[in-house]
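Breakdown of the fold
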Amino acid sequence: MSTSIVEVVNVAREVSWLPWAVQYFFLIGLSVGCFLLTVPWFVLRRPAWERASRLALLGALACGLTAPVALLADLHQPGRFLNFYLHPNFGSWMAWGAFFIPLYLGGLTLYTWLILRPDLKRLADAGGRWAGVYRAFAYGGHDSLGAIRIAAVLALTGAALVALYTGMEVMVVRARPLWDTPLLPVQFFITAVAGAIGLVLVLDRVIGDGRAAHGAHLLRLLAATQVLVLAVGAAWLLLGVTGLSPTHANALAQVAPSSAWQITAVWAAGSAMVTLWLAVRHPAWRLAAGLIALHSAWMMRWTVFIGGQEIPKTGAGYYHDYHLPLGQDGMLGILGTAGLWIAVLIILISVLPWAGQRRAQA
């Protein structure tokens, strides 16, 4: 019989979720949010949304094509992704994501092709260097609203499943009270839609005619998302302060003494209020509102993933051990993903007939 006591003082470990994961969740969230912004014009035919929906379609495709690259980089070995199909574990939300992502991207690609098909046919008929390529992809060549709506249903199903799994695979980690909350998937979705609106506003200034937000419908939607962000944050805080939810109370007790988390909370609430103020009171500053919305969506995911891992599993308090490395698992990876997104965006603008926006500008 042992008379010794074994005390675990600390455990050194590597972070499980790297900045690559932050980039993936950010980009796939933007893609889903942008896709939803395409529905008012391409599916429901609301004329006021035409400019915004066309830019949103471009954003959805660019972000959707870039996001899986960040995911594969986070897995370190592409073979790990292949194992999701060879040895699926249907009790894991991450394994389900391996099926949801292709469903969404396949539906989004079909949806985009059906929308662009009439413009591809016009380019093929006009001749030129790429006429043969355009002709190959312009099969049918007519704008079939029925086919577009069917593809939209497929893409919407995939988008809903992607939004669900990206929130659930983090929420189910019971060892981390900051993650183990049903409010987390909700906040992921709301900030993704807000970031998508921000992306459309930025694209409108960079490659559009600056009139996508005319009519205030887009800014009103952005304002609504910020109200919801503040409401969900207040609900999380209320559940923690009152002790109605032990998980929220435990999470609040862990982060409340940290000055870094206090600053983060003030920043998050302040960013949402500033974006709300700009969207409602200063619509001319929509570029600033869009940039802040994008920044907030990214920082929310950084705080949850990286900051959440700085809360110890086997100790008390809050650690500040993580420092962003400059290599491929840190700053270089973030910049590389951003550069890849820009490259994909340039290719899409150069090759595909996004000049079809001229019908909205006429």
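Residues numbered from 1 in each chain as written. Predicted model: local features only at pLDDT ≥ 70, side-chain atom pairs only at ≥ 80, totals over all residues. Heavy atoms only, no water.

**Some points on the overall build of the protein chain**
Scanning the protein chain from terminus to terminus reveals 13 helices and 0 strands. Element order for the protein chain, N to C, with α for helix and β for strand: α-α-α-α-α-α-α-α-α-α-α-α-α. Partitioning the intrachain contacts of the protein chain with sequence separation of at least 6 by distance along the chain shows that 75% fall at a separation of at least 24. With the model as given, the accessible surface of the protein chain reaches about 17600 Å², and the carbon-plus-sulfur share is 68%. (Helix = DSSP H or I, 4+ residues; strand = E, 2+ residues; numbered from the N terminus. Contact = heavy atoms within 4.5 Å. Areas by Shrake-Rupley, 256 points an atom, 1.4 Å probe, with all protein chains shown as cover.)

**Side note on the packing of aromatic side chains**
Enumeration over the complete set of coordinates arrives at 15 aromatic pairs. On the numbers, 5.3 Å between centres and 75° between planes, the contact of Phe-35 with Tyr-111 is edge-to-face. In this pair, Phe-35 sits in helix α1 (residues 19–42) while Tyr-111 sits in helix α4 (residues 93–126), placing the two residues 76 residues apart along the sequence. The exposure class assigned to Phe-35 is buried, which follows from its relative accessible area of 0%. Clustering of aromatic rings is evident, with ring pairs tying together Tyr-85, Phe-90, Trp-96, Phe-99, Phe-100 and Tyr-165. The lysine or arginine in question, Arg-45, covers the ring of Trp-41, its NZ or CZ lying 5.0 Å from the ring centre. Here the guanidinium or amino end of Arg-117 rests over the ring plane of Trp-113, the centre of that ring lying 5.0 Å away. (Phe/Tyr/Trp six-rings, centres within 6.5 Å; stacked < 30°, edge-to-face > 60°. Buried < 20%, exposed > 50% of the residue type's maximum accessible area, 1.4 Å probe, protein only. Lys NZ or Arg CZ within 6 Å of the ring centre and 35° of its normal.)

**Some remarks on unusual backbone geometry**
Even without a glycine there, the phi angle at Arg-45 is positive, about 60°. Structurally, Arg-45 can be placed in the loop between α1 and α2 (50–75).

**What to know about the packing of helix α7 (residues 183–206) against helix α11 (residues 286–309)**
Viewed as axis vectors pointing N to C, α7 and α11 meet at an angle of 145°, and their least axial separation amounts to 7 Å. The interaxial crossing formed by α7 with α11 has left-handed handedness. Residue-level contacts link Leu-184, Gln-187, Phe-188, Thr-191, Ala-192, Ala-194, Gly-195, Gly-198, Leu-199, Leu-201, Val-202 and Arg-205 of α7 to Arg-286, Leu-287, Gly-290, Leu-291, Ala-293, Leu-294, Ala-297, Met-300, Arg-301, Val-304 and Phe-305 of α11. When its residues are assigned to classes, the contact of α7 with α11 shows 15 nonpolar, 5 polar and 3 charged. (Axes fitted to C-alpha atoms, helices over the stretch in contact; angles between N-to-C directions. Left-handed = near helix turned anticlockwise from the far one by under 90°. Nonpolar A, V, L, I, M, F, W, Y, C, P; charged D, E, K, R; others polar.)

**Some remarks on helix α9 (residues 246–255)**
Within the span of α9, buried status applies to His-248, Ala-251, Leu-252, Gln-254 and Val-255. Taken end-on, α9 shows its buried residues confined to a sector of 160°, consistent with a single buried face. Residues of α9 that are exposed and angled more than 90 degrees away from the buried face: Pro-246 and Ala-253. Tucked inside the fold, the buried residues of α9 contact α7, α8 (217–242) and α10 (259–281). (Arc of directions from axis to C-beta.)

**Some points on the packing of α1 against α11**
Interaxial distance between α1 and α11 falls to 9 Å at its minimum, and their mutual angle equals 140°. On the basis of their axis angle, the class for α1 and α11 is oblique. When you trace α1 past α11, the crossing you get is right-handed. Residue-level inspection shows Pro-19, Val-22, Gln-23, Phe-25, Phe-26 and Leu-30 of α1 in contact with α11, the latter providing Leu-294, Ala-297, Trp-298, Arg-301, Trp-302, Phe-305 and Ile-306. Grouping the amino acids of the contact of α1 with α11 by side-chain chemistry returns 11 nonpolar, 1 polar and 1 charged. (Parallel < 35°, antiparallel > 145°, perpendicular 65-115°, else oblique.)

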